[in-house]
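Report on the structure
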Amino acid sequence: MRVAATCLAALMALPATAADLSLIVDRSDRGVELFVRFATADTESLLAPFPTGFLDADGRVDIAPFQAGTFHHGDELWSEVEMRVAGHSALVEAMSMMVHPDSIPVDFNDPIDGWIAMAVCNVTDPNARFDLGVLSTYAGFIAWEVEGHGTVEIDFPTEAEIEVTEFLEGREISHATVVAGPDAPLTLDAVTSWEKWRFW
């Protein structure tokens with residue numbers, strides 16, 4: 001198992017329910033890409049206050065602005081998360097962020113799904129407004145020019161159950177559900193030589 005023991009201690013006690021947050025990590029020798037999915041209503045309890053302009057005056061989500069670029073929303077969303085790669089603090093920048101109605105689900109199984117989910121708006125009505133409880137948030141982030149094969153540590157601002165699937169340049173190398181938080185960082189071991197060279 002690749003996820004470090006600091007996170008695995010909580011595994012046996014986890015109920016058989018959906019995790020608070022799903023995380024896809026795709027690593028290369030020069031970077032780490034992260035894709036997240038979670039219930040939009042849980043934004044403030046999981047990560048940070050709702051991004052500026054995310055909610056309208058009635059507390060609903062207006063889809064239209066999401067069609068014009070949302071990396072700034074993503075940066076605000078990730079502002080209280082800290083990440084280290086190979087022992088060094090990493091600058092993590094948002095690539096994009098999107099919300100999708102749960103009635104129109106999108107795939108979230110690998111990095112390609114992550115790219116599509118964070119970038120494509122599947123609501124065609126420009127006047128659509130949604131209550132928080134019927135949406136899921138998808139966002140993508142990148143740390144570039146880092147030792148992406150090194151140990152990755154992520155400090156989340158609150159304790160949460162996280163389903164993490166780890167990829168090496170698009171090839172899955174691990175999957176686990178863990179509990180992580182301020183006092184228990186999510187830790188992914190350094191990529192081994194075997195993982196670099198195997199072909200399945």
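Before any of the text, the structure's been laid out above.
So, here is what we can say about the structure in this document. Keep in mind the model is a prediction, meaning the values are calculated, not measured.

Looking at a nonpolar patch on the surface
A surface patch of nonpolar side chains, about 390 Å² in accessible area, is lined by Ile-112, Trp-115, Ile-116 and Val-120. Note on placement: Ile-112 falls in helix H4 (residues 111-119). Taking relative accessible area as the criterion, Ile-112 reaches 57% and is therefore assigned exposed.

Regarding H4
Of all the positions in H4, only Pro-111, Asp-113, Gly-114, Ala-117 and Met-118 are classed as buried. Projected down its long axis, H4 shows its buried positions confined to an angular sector of 150 degrees, all on one face. Structurally, H4 contributes buried residues whose contacts are with strand S1 (21-27), strand S2 (31-39), strand S6 (93-101), strand S8 (135-144) and strand S10 (160-168). Put simply, Asp-110 is the residue that caps the front of H4, since its side-chain oxygen is 3.1 Å from the backbone nitrogen of Ile-112.

Some details on the sheet that holds S10
Strand order in this open sheet of six strands is S6-S8-S2-S1-S10-S11, and the pairing throughout is mixed. A strand with exactly one partner marks an edge of an open sheet, and here the two such strands are S6 and strand S11 (171-180). Ignoring which end each strand starts from, the neighbouring axes of this sheet average 15 degrees apart. With nine bridges connecting them, S10 and S11 associate as antiparallel partners. Across the sheet, residue Phe-167 finds its bridge partner in S11, namely Glu-172. Strands in contact with H4 are S1, S2, S6, S8 and S10; relative to S6, the strand with the most contacts, it is inclined by about 75 degrees.

A few points about the pattern of salt bridges
For the coordinates displayed, the defined rule picks out seven salt bridges. In this structure, Arg-129 engages Asp-56 in a salt bridge whose closest nitrogen and oxygen atoms are separated by 3.7 Å. Of this pair, Arg-129 sits in strand S7 (residues 129-130) while Asp-56 sits in the loop between helix H2 (43-46) and strand S3 (61-62), and the two are 73 residues apart along the sequence. Across the pair Asp-155 and Arg-84 runs a salt bridge whose closest N-O atoms are separated by 2.6 Å.

Let's talk about the sheet that holds strand S12 (residues 186-188)
With antiparallel pairing, four strands are arranged side by side in an open sheet as S5-S4-S9-S12. Where the open sheet ends on each side, the last strands, each with one partner, are strand S5 (88-89) and S12. Pairing of strand S4 (residues 82-85) with strand S9 (residues 152-155) involves four bridges; the strand directions are antiparallel. Across the sheet, Arg-84 pairs through a bridge with Glu-153, a residue of S9.

What counts as what
Residues numbered from 1 in each chain as written. Predicted model: local features only at pLDDT ≥ 70, side-chain atom pairs only at ≥ 80, totals over all residues. Heavy atoms only, no water. Patch = residues over 30% accessible without salt bridge, like charges linked within 9 Å, V, L, I, M, F, W, Y side chains within 5 Å. Areas by Shrake-Rupley, 256 points an atom, 1.4 Å probe, with all protein chains shown as cover. Salt bridge = Lys/Arg side-chain N within 4 Å of Asp/Glu carboxyl O. Helix = DSSP H or I, 4+ residues; strand = E, 2+ residues; numbered from the N terminus. Buried < 20%, exposed > 50% of the residue type's maximum accessible area, 1.4 Å probe, protein only. Arc of directions from axis to C-beta. Contact = heavy atoms within 4.5 Å. Polar contact = N/O pair within 3.5 Å; in protein donor to acceptor, adjacent residues only side chain to side chain. Pairing = 2+ DSSP bridges. Axes fitted to C-alpha atoms, helices over the stretch in contact; angles between N-to-C directions.

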